[in-house]
Structure formats: structure tokens, C-alpha cells
There are 2 protein chains.
Amino acid sequence: MSQLDAVLAHIDADQPQALERLFQLLRIESISTDPAHAAACRDAADWLAADLATMGFDAARRDTPGHPMVVGHGAAEADHAQGPHVLFYGHYDVQPVDPLELWTRAPFDPALEERPAGAVIRARGASDDKGQLMTFLEACRAYRAVTGALPCRISVLLEGEEESGSASLVPFLTENAGELRADLALVCDTGMWDRNTPMITVGLRGMTSETVTIKAADRDLHSGMYGSAAQNPLRILSRLLAGLHDATGRVTLAGFYDGVEDLSAEMRADWAKLDFDAAAFLGEVGLSVPAGEQDFPVLEQISVRPTCEINGISGGYAGPGFKTVLPAEATAKMSFRLVAGQDPEAVRDSFRAYIRAGLPADCSAEFSAHGGAPATTLPSEDPAYQAARAALSDEWERDAVFLSMGGSIPIVGHFQEILGLNSLLVGFAQKDDALHAPNEKYDLRSFHKGIRSWARILHRLAG
Amino acid sequence: MSQLDAVLAHIDADQPQALERLFQLLRIESISTDPAHAAACRDAADWLAADLATMGFDAARRDTPGHPMVVGHGAAEADHAQGPHVLFYGHYDVQPVDPLELWTRAPFDPALEERPAGAVIRARGASDDKGQLMTFLEACRAYRAVTGALPCRISVLLEGEEESGSASLVPFLTENAGELRADLALVCDTGMWDRNTPMITVGLRGMTSETVTIKAADRDLHSGMYGSAAQNPLRILSRLLAGLHDATGRVTLAGFYDGVEDLSAEMRADWAKLDFDAAAFLGEVGLSVPAGEQDFPVLEQISVRPTCEINGISGGYAGPGFKTVLPAEATAKMSFRLVAGQDPEAVRDSFRAYIRAGLPADCSAEFSAHGGAPATTLPSEDPAYQAARAALSDEWERDAVFLSMGGSIPIVGHFQEILGLNSLLVGFAQKDDALHAPNEKYDLRSFHKGIRSWARILHRLAG
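My aim in this report is to walk through the structure given alongside it, one point at a time. (Residues numbered from 1 in each chain as written. Chains lettered and ligands numbered in written order. Predicted model: local features only at pLDDT ≥ 70, side-chain atom pairs only at ≥ 80, totals over all residues. Heavy atoms only, no water.)

**Thoughts on the interface of chain A and chain B**
Here is step 1: Taken together, the contacts link 72 residues of chain A with 72 residues of chain B.
Here is step 2: Together, the buried faces of chain A and chain B total about 5,600 Å²; carbon and sulfur atoms form 56% of this surface.
Here is step 3: Our enumeration of links across chain A and chain B arrives at 0 salt bridges.
Here is step 4: At the surface where chain A touches chain B, the tally comes to 32 residue pairs in polar contact (both at pLDDT 80 or more).
Here is step 5: In terms of residue count, the dominant contributor to the side of chain A that touches chain B is strand β11 (residues 307-316) of chain A (9 residues).
Here is step 6: Partitioning the side of chain A that touches chain B into residue classes produces 31 nonpolar, 29 polar and 12 charged.
Here is step 7: Judged from the 5 bridges that link them, β11 of chain A and strand β11 (residues 307-316) of chain B form a sheet pairing that is antiparallel. (Contact = heavy atoms within 4.5 Å. Buried area = accessible area lost by both parts, 1.4 Å probe. Salt bridge = Lys/Arg side-chain N within 4 Å of Asp/Glu carboxyl O. Polar contact = N/O pair within 3.5 Å; in protein donor to acceptor, adjacent residues only side chain to side chain. Helix = DSSP H or I, 4+ residues; strand = E, 2+ residues; numbered from the N terminus. Nonpolar A, V, L, I, M, F, W, Y, C, P; charged D, E, K, R; others polar. Pairing = 2+ DSSP bridges.)

**Structural notes on the packing of aromatic side chains**
In this description, an aromatic ring pair is defined by two values, namely the gap between the centres and the angle between the planes.
Here is step 1: Overall, the coordinates contain 26 aromatic pairs over all chains when judged by the stated rule.
Here is step 2: Where Phe 428 of chain A meets Trp 454 of chain A, the ring centres are 6.4 Å apart and the plane angle is 90°; that geometry is what we call edge-to-face. Linking Phe 428 of chain A in the loop between β17 (423-426) and β18 (441-443) with Trp 454 of chain A in helix α15 (residues 444-461), this pair joins segments that are 26 residues apart in sequence.
Here is step 3: Looking at Phe 428 of chain A, the relative accessible area reads 0%, which means it is buried.
Here is step 4: With a centroid separation of 6.0 Å and 50° between ring planes, the pair formed by Trp 193 of chain B and Phe 276 of chain B is classed as tilted. (Phe/Tyr/Trp six-rings, centres within 6.5 Å; stacked < 30°, edge-to-face > 60°. Buried < 20%, exposed > 50% of the residue type's maximum accessible area, 1.4 Å probe, protein only.)

**Observations concerning the sheet that holds strand β9 (residues 206-215) of chain A**
Here is step 1: In space, the 8 strands of this open sheet follow the order β14(A)-β9(A)-β13(A)-β11(A)-β11(B)-β13(B)-β9(B)-β14(B), with antiparallel pairing throughout. What marks the edges here is a single partner per strand, and that holds for β14 (364-373) of chain A together with β14 (364-373) of chain B. Put simply, the sheet's adjacent strands are angled 20° from each other on average, direction ignored.
Here is step 2: Strand contacts of helix α8 (residues 233-242) of chain A: β9, β11 and β13 (329-338) of chain A together with β11 of chain B, with the helix running at about 20° to β13 of chain A, the strand carrying the most contacts.
Here is step 3: Where helix α8 (residues 233-242) of chain B meets the sheet, it contacts β11 of chain A together with β9 (206-215), β11 and β13 (329-338) of chain B, and its direction lies at approximately 20° from that of β13 of chain B. (Axes fitted to C-alpha atoms, helices over the stretch in contact; angles between N-to-C directions.)

**A closer look at the pairing of strand β8 (residues 199-204) of chain A**
Residues and elements named next belong to chain A.
Here is step 1: Where burial is concerned, most of β8 is hidden: 6 out of the 6 residues are buried.
Here is step 2: When β8 meets β17, the two strands line up antiparallel, connected through 2 bridges. Each residue of the ladder has a partner; that of Thr 201, found in β17, is Leu 425.
Here is step 3: In this structure, β8 lies alongside strand β15 (residues 376-377), joined through 2 bridges in antiparallel fashion. Following the sheet pairing, Gly 203 is matched in β15 by Thr 377.

**Some points on the environment of Tyr 385 of chain A**
All names here are of chain A.
Here is step 1: Summarising the element assignment, Tyr 385 is placed in helix α13 (residues 383-396).
Here is step 2: Residue classification places Tyr 385 among the buried positions, given a relative accessible area of 1%.
Here is step 3: Ignoring any residue separated from it by four or fewer positions in sequence, one finds Tyr 385 in contact with Leu 184, Ile 200, Val 202, Leu 378, Pro 379, Ser 380, Phe 402, Asn 422, Ser 423 and Leu 424.

**Describing the packing of helix α2 (residues 15-26) of chain A against helix α4 (residues 130-147) of chain A**
Residue and element names in this part refer to chain A.
Here is step 1: Put simply, α2 and α4 touch, their axes get as near as 10 Å, and they point 140° apart. It follows that α2 is oblique to α4 by the angle criterion. Handedness of the α2/α4 crossing: right-handed. Facing Ala 18, Arg 21, Leu 22, Leu 25 and Leu 26 of α2, the residues of α4 in contact are Lys 130, Gly 131, Met 134, Glu 138 and Arg 141.
Here is step 2: Here the residues of the contact of α2 with α4 sort into 5 nonpolar, 1 polar and 4 charged. (Parallel < 35°, antiparallel > 145°, perpendicular 65-115°, else oblique. Left-handed = near helix turned anticlockwise from the far one by under 90°.)

**Overview of the side chain of Asp 443 of chain A**
Here is step 1: Of note, Asp 443 of chain A is situated in strand β18.
Here is step 2: With residues up to four places along the chain from it excluded, the contact list for Asp 443 of chain A reads Ala 119, Val 120, Arg 195, Gln 430 and Asp 433 of chain A.

**Side note on helix α9 (residues 265-274) of chain A**
All names here are of chain A.
Here is step 1: Buried within α9 are the following residues: Met 267, Asp 270, Trp 271 and Leu 274. All buried residues of α9 fall inside an arc of 95° around its axis, so they share one side. Those residues of α9 that are exposed and aimed more than 90 degrees away from the buried face are Ala 265, Ala 272 and Lys 273.
Here is step 2: Those residues of α9 that are buried are in contact with β8, α11 (298-301), α13 and β16 (401-405). (Arc of directions from axis to C-beta.)

**Concerning the pattern of salt bridges**
All names here are of chain B.
Here is step 1: A complete count under the given rule lists 66 salt bridges over all chains for this structure.
Here is step 2: Here Arg 268 makes a salt bridge to Glu 300, at a shortest N to O gap of 2.9 Å. Placement of the pair is Arg 268 in helix α9 (residues 265-274) and Glu 300 in helix α11 (residues 298-301), with a sequence separation of 32 residues.
Here is step 3: You can call Arg 268 partly exposed: its relative accessible area is 34%.
Here is step 4: For Glu 300, a relative accessible area of 3% puts it in the buried group.

**Focus on the relation of the copies chain A and chain B**
Here is step 1: The operation relating chain A to chain B is a screw motion whose rotation component is 179°, with 0.2 Å of axial translation and a residual RMSD of 0.3 Å. Viewed as a symmetry operation, the transformation between the two copies matches a two-fold axis.
Here is step 2: Most of the interface of chain A is mirrored in chain B: 100% of its interface residues are interface residues there too. (Least-squares fit on C-alpha atoms with pLDDT ≥ 70 in both.)

**Some thoughts on helix α14 (residues 410-419) of chain A**
The periodicity of an α-helix, 3.6 residues per turn, causes residues three or four places apart in sequence to face the same way.
Here is step 1: All of the buried residues along α14 of chain A are Ile 411, Val 412, Gly 413, Phe 415, Ile 418 and Leu 419 of chain A.
Here is step 2: One or two residues past the end of α14 of chain A sits Gly 420 of chain A, with phi positive at roughly 65°.

**Let's talk about the environment of Val 251 of chain B**
Residue and element names in this part refer to chain B.
Here is step 1: On the secondary structure map, Val 251 appears in the loop between α8 and α9.
Here is step 2: The spatial distance from the C-alpha of Val 251 to the C-alpha of Gly 372 is 18 Å, given a sequence separation of 121 residues.
Here is step 3: If sequence neighbours within four positions are ignored, Val 251 has contacts with Leu 244, His 245, Phe 256, Tyr 257 and Cys 308.

**Concerning the sheet that holds strand β18 (residues 441-443) of chain B**
Residues and elements named next belong to chain B.
Here is step 1: Taking strand neighbours across the sheet as the criterion, the 3 strands line up as β4-β5-β18 in an open arrangement whose pairing is antiparallel. Sheet topology places β4 (111-113) and β18 at the edges, where each strand pairs with a single neighbour. In this sheet, adjacent strand axes meet at a mean angle of 30° when their direction is disregarded.
Here is step 2: Pairing geometry for strand β5 (residues 120-122) and β18, over 3 bridges, is antiparallel. Its bridge partner being in β18, Arg 122 is matched across the sheet by Lys 441.

Okay, here's the thing in C-alpha cells:
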């Protein structure tokens, strides 16, 4: 029996104990956004530091101005002392549980429930992120139990403020950059493509967000006295916003697509195999026809194509009844999702230039910049990513897929900027895990095969 | 000396007494919107009923659920007993006086102030509408003093809720329609074109107002997950609103201009003489370039051309900071100013059809009707209007002008609908009278020549 087989066998045999450990962590009410739960957050950090210590980590709760971090460092087996050093990231804090009346059981009283599709672990945090982070810790524990050491140098960073804004994260990373630097970050806070297909997220869109206010007369006017003769900022704003897309759904801003590359033929072929059900994706929210760029399939529209969206418009009278006002100004909040090759500030500049060029006489525009962050592209060609892909494919007996996400995961950017680290984004959540909602669950299969997956990934990374 | 000359001479001689009577009325704090001033409103009504009685009117305060009306009926000289019967309308209530600290004297302590351009009567209500309504009553008084009777049958209706919504007006007109029916209404609540040019308002625009809500997905969506692939109601609304006008400022709705006629060559020629200063009109509110239909001068844009205006837009996130939401719906409040020939419901139908035809897949529109009222055109060719024009031209030694107004005067519609009466809209207010604002005034010249104007109008109407 190979060392890996022994570790996997240990994981299988230790499953009841692993589940009980997860239940202990799930019973701690570590809701980070609620100050009344600060002690519970500290308890969760202490529990994790103690658990890491049992498997040979030099681990401690590390206080911050907010909720504490947990940092642990584990040495590798002698054979791998010079191998890659990985930094695992997860978070022990959870979302609030309101509305409590919608839960079918108490959210901090975890239990295994049998369901037609298989057993699930029901509790707040079962998936996000206590269940996920424990898949990694259990893999480390099994290695330690079987081999007496970890398969490679492993550091662990567990956060307690991910669900409440991560106020302490950047200062902590900055102050402890020397200690935390490694070769690769492992992040377990994402999901699988579907119940049987593991996924590695290798692209995250960036964003430029911006508020624009169009102004005309120096006061609100009466539409009976000034209507049509005076510029109406709502009309100007509507016209300008309407011009941001052409009839095919393409964004019209000058240079917007500069540097944007089509999906590689290889990835497009991979994605085609996924059999993404665009009709089901849209149907779930009451829609049926894709509204984005006509030349791209929905899966690309929502992940690897840049977008321009209006997130809010306000101006004039919006209350009940009616008021015949021509407002002095009108405002729109805009966001642009960016992909590799796009410069957030160039997009902002192009938007501002477009608005300014379209202003009629007597109108002015004021702009206010919100965020601006470029897209993140992770090196899927890198041996570590290929190793992780092979390990996942072995465990799930199906090719793991490299995918891009439409949103962003801030920790990935922080690791790149502060620690110079790429992140390997692997997770075992399912779309129906009810993250942030009542009756959150984690499939027992995700938990079990997640642990086995990490054991395989560590084995491959350690070479 | 003709009878009219005798009446005018009496008016001139009686000026100090007329001013003192106006001051008495101005001292009554008849702010209709403030319940604390209800007794003052009744005092003003009583004062007016008593004053009407002194000149031979059968007059009384008439209580309503709100502030009282005053109604008076005066018989004509025997010679004119079969002549036209006029119903004069004015209102004795006034606007609140806040902010009091901006007044240069107590608002209910009227005084004559000498100013470079001539003496002014300073007080709340000096112009709107106590000063204006007293011009008519003083003309009646002078006729009665000189001839012993009124020049024609005159009824008077004075309202006490014009500045606070006129809640009692329609019920009162309806209940007393038989008593109030006459041949022509005289309304003294408008102004002069400029200091030297008298004006008769002969057109008032109507209005259709409407709220439209565009809906797409059945819930708010995250723009990182659904952006571009899902319809964004803000984007659809912007596109639809942007299409309501063409590049020349014309409204694009099907049939919108059906029945709309250009200003007659005669009126256009008259108006050209007025030397309307569009630059000054726009400059006063910080604008410089007309924004309406390119083919029409500003004065026509704001008075005799129909318009389409957006009075409010709301949807998505409008608070501080940013939220990457795709809202489930977006709303606009629209108003259409209508001119003679336009049907308010046809305009509403055309707008709704335009919106529905422009909706992409998965989007729906909900509509909510607010007001709908056709434009009012008064019969400027009618002998009564021609008589009034001649009388005003005599008094001011300058041709009186027939003009149309961009807004609406509700009493005109009520008189047409309930009493079947056209209104002759004549007034002597100036643009700088500070109606509804601190330091309201009425030119002494407006008061004096206003009285003389009404004497001349009554003389001509009585034939």
C-alpha cells in the first residue's frame, strides 16, 4: 500500500471522528458581524489553534483590533523539507442566522440529515467556511497520523472577519508578510462545477465603479414653466446611458475591449463539455433570453467577458403621487466588470470622456470614483495547478475543470499584492448549499471526498 | 363727461380710501394652510361680505368643511338688466410667510414704500390675491358711487383655500351651480406681460401624467453573477426614455402631434412684438441654450407646444457608497404638457404602446395613471374677449396681448366643466411681485390702473 493509499484509508476510517470535530466547531456561534458574538469568535479561534497544535502545528490565536486570526506553521517530513511551502487560508466566522424561523433546526446544533441525494451536514457554517476549512485540516491530520509528519511545509491562516468586511486582514498581512510568505496559497472557499465535477477557479473579474451626476439649471424647475426649453438632466442621463451598448450588446466605450482576448480554443472546448444550462441559469430568476453580447455564450458573458452595468439611477421626484419637477441634477451608479487585459483606470477615463463628449450645452457632469481593481488571472499552466487538477480528477474520477468567475474574491488580490502569492482556489461547496441563508448545509460527500482531495493535492504538490 | 369718465375720475379721487380698504384686508392674517389661522380666514371672509354689502351686493359668508367662501350678487342698472351676467372669482387666502427673517417689514403690516420704479404696496397678499381682487371690487364701488348701480349683473365668488388645495371648491361649485351660473367668468389671478403691456391669457396647457415601472428578473440580482446576461431594467428604461425625443427635440410618440396646430400667423406676429428675451429667461436659472423643439422659439416651447418630460427616475441603489445590484425593476414618472387638439388619453395610450413595443424578452411594464386633462383654449375671437382687450389697450395705451400659459389654472377648468363658463383671465401682477416669497409687493400703479382697467372692461362688456 502506497503512502497516499494509507492516508486515504485512514481518512475513510476516521470519518466519524472527523465529523464530530466539525460538529464541535459548528456549535461555536462565531457570527462576526454581531458584537454580542465576539467571545464566540475568540472561542472558535482558540478551538482551531488547539486543534492545529494536536497535529504538530506551531499555532496560536493572534489578536487584532477586530476578531482574532489563527496562524499555524507545520514542518514537512524530512524528505520534503525543501519542497513547496503552501499557505492555507480559510475563515471560521459565519453569517448571521436571521430569519431564524425559516430554519428547520437550530442553526448551531449541527446534525447529519439523510436526504434522497445523500447525507448532508446541517448547520450555519457547515459549508461556508467551517466545513470547507476542516477538509484541509483533516487531510493534514491524516498525513500526520499515518506518516508522523506533513507532506510539505504548510502554514495556515484562518480569518474571523470574512463575513463582516475583513477590516483587519490587510493590516495583518502587511505586518506579518515575512512570516506568511510562501510559494502558493491554497484557498478553500469556492465550489464544484456540479455534484460530480471538481473545479479550479483560475480567473476572477476586476471592477471599475463610478458615480456620475449630470447637472443643468442651478435649481429645480417647474416643468409647466420651463419644460422642454430647459435641459432636463434625467433626459440627458437616459440618452447617455442608452448609448453605452450597441444593438448586439457590445459596450461602445472607446478602447473598452482593448487587450481583451477571446477564451482560448482549449478552454472553450473544455467548457463546452460542461453542458452549462443557460436556460436553467436564467430560468431560476424568472428570465429566459440572454441579454449580453450576442456573439458569446451565457457562460462566457457571466465570467470572461467585460460588462457595463447601471446599478442605480436617481433624480427628480420618486415618492408617491406626482410632482411636475425638472430636477437640477440626476445621478447614476455604474460598474464595469473587467477581464484580463483591461486597465480599470483606462475604463474609467473612457467612460468619463464619453459622458463629457455627449453633454449638451448648459450641462455638466461630476464624477466620483469608487473601486478600481484589475481582473485576476491565475497561472493554470503552472505545474502546481496541473498537479491539483490531476489530483482532483483522480479523486472524483472526472476531469477537473479550470473556470473563471464573474465576481471577485478579495483575498486572492491581497495575497498577490501583499505576499506575492498566487492562490489555488479549490472548494467542494454545491450550488444548493444555501450559503448566507437559512438551512445551510454541506454534503457529507463534499466533506469526505474534500478531505481525500486535499490529501491527493498535497501528495502531488509535494512531488 | 361721459359716465365712464366720471367713474374713472371717481376712482382717481378715491385712491387714498381704496388703499386704506386694501390695507384693512391685508392686515388679516388669512393663511389658509395653517389651522391656527382659521379664525383669521373667517374674519377675511366676513370683512369681504360686509364690504360687498356696502356697494349693494346681496353678499354672505358661506361656510364649507374648510375655510368659507364669500358669494355676492349685484343687480345691474335698469338699462342693463338683460345684459351679460359676469361671475368674478378671486381668493382671500394667502401663503405662509416663512422665512420671516427675510422680510424687511412685518408681512401683515402693509405699507406703501417708495421705490425707484414707483411706489409699491408691501405685504403678504398685496398681489396674490387680495390686491388683485380689490381692483375689481373698487371698480364696482366706483360705478355704484357714480351711477347708483352696477354696469351689468355681477356675481362674486371669493375662495379661502386657493393656496392650500381648494378642497371645498368643486363640491361648492357643484352644490351651488344653479346660483353661480353666469355668462362669463372674470378671474383676476394672473399678471401683465411686462410693466406696460396688459395681457389676457387665452390658452392653458393640459397634462397627462404617468408612472411606468419596467420589470425583468423576479428578484434583485448580483451584477457579478448575472451582469450582462440578465436584463437590467435600468438599462431598458434608459433606452426607452432616450427614444422619446428625436435629435431636433420633437417627441417621437406615434400620433403625438395629431391635431396640434401652429400658432396663427396673427398671434405669432403679435408675440414677435413682445420682444421676449429668451436669453434672460434661461439665464435666470443658469442656462443659455434652448433645449426644446428646434423649429420653435422658446416662448412657443414653453406655452403652446406640447412637451414630454421625465420628472423622476428611481431604481437600484441610490445611497452612499456602492452596491453591485441589478435591480428587479426601475421606475420613471413622466408628464406630457398638452395643447389644443391633443387628447390626454390618446397620449397616454401612445406612450404605453411605445413602451410595450420596445420591451425586450423577459421584460414587462406596469403603468399607473395620474392626472389627465386637456388643454384649455379660451375664445379670444368672442366679443367679450375683444371688448376686454380694447378696454385694457385704452387704459394702458398699448395693445393688450393674448397669450398662452405653459401651466394650468384649475379654476378655469372647474368653471368650464361645472358651470359651462369661459373665463376671462386678466390680472395686473408683475414678474417681480415675489408671490409666495418674502417681501411680496403689488405696484401701486397696478392697483390704481387695475381698478381703472376693470371699470373700462365692465363698461365695454355692458355695451
